[in-house]
Amino acid sequence: MKKVLITGGAGFIGSHVVRLFVNKYPEYQIYNLDALTYAGNLESLKDIEKAANYTFLKADINNSQAIEDLFMEFAFDNIIHLAAESHVDRSINDPMIFVKTNVIGTVNLLNAVRKFWGPNFDNNKRFYHISTDEVYGSLGTEGLFTEKTPYSPNSPYAASKASSDHFVRSYGETYNLPYVISNCSNNYGPNQFPEKLIPLFISNIIENKSLPLYGDGNYTRDWLFVIDHAKAIDLIFHKGLNKSTYNIGGFNEWKNLDLVKVLCEIMDVKLNRQKGASAKLITHIEDRPGHDKRYAIDATKINKELGWEPSVTFREGLEKTVDWYLENSEWMQNIVSGKYQKYHMD
Ligand SMILES: Cc1cn([C@H]2C[C@H](O)[C@@H](COP(=O)(O)OP(=O)(O)O[C@H]3O[C@H](CO)[C@@H](O)[C@H](O)[C@H]3O)O2)c(=O)[nH]c1=O
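Reading the values: rules and limits
Residues numbered from 1 in each chain as written. Predicted model: local features only at pLDDT ≥ 70, side-chain atom pairs only at ≥ 80, totals over all residues. Heavy atoms only, no water. Helix = DSSP H or I, 4+ residues; strand = E, 2+ residues; numbered from the N terminus. Rg over C-alpha atoms; globule rule 2.2 N^0.38 Å. Buried < 20%, exposed > 50% of the residue type's maximum accessible area, 1.4 Å probe, protein only. Contact = heavy atoms within 4.5 Å. Areas by Shrake-Rupley, 256 points an atom, 1.4 Å probe, with all protein chains shown as cover. Lys, Arg positive; Asp, Glu negative; His and termini not counted. Charge placed at Lys NZ, Arg CZ, Asp CG, Glu CD. Salt bridge = Lys/Arg side-chain N within 4 Å of Asp/Glu carboxyl O. Near = heavy atom within 4 Å. Polar contact = N/O pair within 3.5 Å; in protein donor to acceptor, adjacent residues only side chain to side chain. Nonpolar A, V, L, I, M, F, W, Y, C, P; charged D, E, K, R; others polar. Expected span 1.5 Å × (residues − 1). UniProt positions renumbered as here; feature names shortened; annotations may be inferred. Pairing = 2+ DSSP bridges. Core = buried A, V, L, I, M, F, W, Y, C linked by side-chain atoms within 4.5 Å. Axes fitted to C-alpha atoms, helices over the stretch in contact; angles between N-to-C directions. Parallel < 35°, antiparallel > 145°, perpendicular 65-115°, else oblique. Left-handed = near helix turned anticlockwise from the far one by under 90°. Phe/Tyr/Trp six-rings, centres within 6.5 Å; stacked < 30°, edge-to-face > 60°.

Caption draft 1: Geometry of the overall build of the chain. When you go through the chain residue by residue, the secondary structure sums to 12 helices and 12 strands. At 20 Å, the chain has a C-alpha radius of gyration in line with the 20 Å of a compact globule built from 346 residues. Along the longest, intermediate and shortest principal axes, the C-alpha atoms of the chain span 65 × 45 × 40 Å. Sorting the 346 residues of the chain into buried and exposed places 56% on the buried side. Intrachain contacts of the chain at a sequence separation of at least 6 include 81% that bridge at least 24 residues. By element, 51% of the accessible surface of the chain is carried by carbon and sulfur atoms, the whole surface being about 15,000 Å². Of the charged side chains in the chain, 37 are positive and 42 negative, and the gap between their average positions amounts to 1 Å.

Structure below.
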């Protein structure tokens, strides 16, 4: 029986990973550790909260003593580390919280692992660090990020994630910690906090508010449905090679403006609005400082080594996502108003 600690399990990607592991591996104990910051939300896990193999632990990875106490109490033997500040615009306004959570928080976890699992690490134990393709910086019109692309982060968020990746690798080299890292492209799907492009624009279209597109909108991202990311994490956790890195992406590049136009078309149909009504809301605004031009992932390694590939097309994933937000308007209202946070603080 494994005792798997999943950090950040109340967040967007984390909640999908927790659900998949709780349902697929009833023989594992799954511990969801989350600080429940603005983007964390236990409402996303209502369907599994009473499962016998699931435990929620409220703690902040910045608090090293709290982390050690939990290691002492629960003797975790595997970690999937997703807890992170993740929004680029927030990192531009306040870089320090990104240093604290993403860098120091990760090092706190690594130190706890060293203390409780070391000095002779058993290879059945594994520290799995979830990261982003943003560590590689920006591409021109050609080429793809591979696992060998040098790191060149441009935003404070990307720099904090790059730093945490380096710390994980350094613990592998210095202390022989068994680890694996994956770097994924842009995720979308149910339960994403409406500060990110897709849920923000869905929410604004519903409310007939303008759609604030940075600059000319000719920025390119590779998009992956969050459940496909969770499935990739499952495979890498179980079968990924020790001390290696996997890039995860959908081979699904879109310029922001083109993506938003497709989203607008879908929303017009779902909301019974006149064709073109949602697109009229598109408003070009001042660009994001240091805006990375293009991200595109070469996901050949994970495909060849582990047989992973996305299971839904972008159109299917977008439709599912829009349907989820239309059916869960209360979730959206509560998370935006901060109601869930107030509830967590009570
Ligand atoms: C929120 C927002 C975004 N954008 C643009 C900026 C980007 O080119 C694109 C996507 O923006 P975001 O949704 O903020 O995501 P991006 O900056 O690419 O970063 C995401 O994708 C990364 C993986 O590539 C993750 O590591 C990050 O945590 C995640 O936030 O849309 C707009 O034009 N207007 C907006 O209001």
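Picking up where we left off.
Caption draft 2: Region of interest: the side chain of Asp133. Note on placement: Asp133 falls in the loop between strand 5 (126-132) and helix 5 (156-175). Of the buried charged residues, Asp133 lacks a salt bridge, with Arg221 as the closest side chain of opposite charge at 6.9 Å. Those residues in contact with Asp133, other than ones at most four positions away along the chain, are Phe145, Asn183, Cys184, Ser185, Tyr295 and Ile297.

Caption draft 3: Representation of the site of the ligand within the structure. Near the ligand, the surroundings consist of 24 residues, among which Ser86, Asp133, Glu134, Tyr157 and Arg288 are the closest. A distance of 2.6 Å separates an oxygen atom of the ligand from a polar atom in the side chain of Arg288. Within the side chain of His291, one N or O atom sits 2.7 Å away from an oxygen atom of the ligand. Out of a free accessible area of 690 Å², the ligand has 94% covered by protein chains. Where the shell around the ligand is concerned, the elements lending two or more residues are helix 6 (197-206) and strand 8 (211-214). A per-class count over the shell around the ligand returns 11 nonpolar, seven polar and six charged.

Caption draft 4: Structural context of helix 1 (residues 12-24). With 13 residues, helix 1 extends 19 Å between its outermost C-alpha atoms, agreeing within 8% with the 18 Å of an ideal straight helix rising 1.5 Å per residue. Summarising burial for helix 1: 10 of the 13 residues are buried, a large majority. Taken residue by residue, helix 1 has Phe12, Gly14, Ser15, His16, Val17, Val18, Arg19, Leu20, Phe21 and Val22 as its buried positions. Close packing links the buried residues of helix 1 with strand 1 (3-7), strand 2 (29-34), strand 3 (54-58), strand 4 (78-81), strand 7 (186-188) and helix 7 (226-239).

Caption draft 5: Seen up close, unusual backbone geometry. With an omega of 0 degrees, the peptide bond running from Gly118 to Pro119 counts as cis. With respect to the helices and strands, Pro119 occurs in the loop between helix 4 (95-117) and strand 5. The phi dihedral of Lys243 falls on the positive side, at around 60 degrees, and the residue is not glycine. Checked against the element boundaries, Lys243 lands in the loop between helix 7 and strand 10 (244-248). One non-glycine residue with positive phi stands out, namely Asn272, at about 55 degrees. Structurally, Asn272 can be placed in the loop between helix 8 (256-270) and strand 12 (282-285). Take Asn272: its relative accessible area is 72%, and that puts it in the exposed class.

Caption draft 6: Examining the UniProt feature "domain: NAD(P)-binding" (unreviewed entry) in the chain more closely. As recorded in UniProt, the feature "domain: NAD(P)-binding" (unreviewed entry) lies at residues 5-321. The span residues 5-321 carries 40% helix and 18% strand; its end-to-end C-alpha distance comes to 28 Å.

Caption draft 7: Focus on the pairing of strand 10. Counting buried residues along strand 10, five of its five residues qualify, which places the element largely inside the surrounding structure. Bridge analysis of strand 6 (residues 179-184) against strand 10 gives five bridges, and the strand direction is parallel. Paired with Ser182 across the two strands is Tyr246, which belongs to strand 10.

Caption draft 8: Up close: the nonpolar core. Counting 32 residues, the largest nonpolar core has Ile6, Phe21, Ile80, Tyr128, Ile236, Ile248 and Ile302 as its most contacted members. Broken down by secondary-structure element, the contributors of at least two residues to this core are strand 1, helix 1, strand 5, strand 6, helix 7, strand 10 and helix 9 (300-306).

Caption draft 9: Structural context of the packing of helix 1 against helix 7. Close contact between helix 1 and helix 7 brings their axes to 9 Å; oriented N to C, the two are set at 60 degrees. When the axis of helix 1 is compared with that of helix 7, the two are oblique. Handedness of the helix 1/helix 7 crossing: right-handed. The segment helix 1 lies against helix 7, with Phe12, Ile13, His16, Val17, Leu20, Phe21 and Lys24 engaging Val226, Ile227, His229, Ala230, Lys231, Ile233, Asp234, Phe237 and His238. Residue classes in the contact of helix 1 with helix 7 are distributed as 10 nonpolar, three polar and three charged.

Caption draft 10: Main features of the packing of aromatic side chains. If you walk through the whole model with that rule in mind, you get 21 aromatic pairs. Summarising the aromatic geometry, the rings of Tyr31 and Phe74 are spaced 5.0 Å apart at their centres and angled 45 degrees between planes, so their arrangement reads as tilted. Placement of Tyr31 in strand 2 and of Phe74 in helix 2 (residues 64-74) is noted, with a sequence separation of 43 residues between them. When its relative accessible area of 7% is taken as the criterion, Tyr31 is described as buried. For Phe74, a relative accessible area of 16% gives the class buried. The interplanar angle of 40 degrees and the centroid separation of 6.3 Å between the aromatic rings of Phe145 and Tyr295 together place this pair among those described as tilted. Of the two residues, Phe145 is situated in the loop between strand 5 and helix 5 and Tyr295 in the loop between strand 12 and helix 9; the sequence distance between them amounts to 150 residues.

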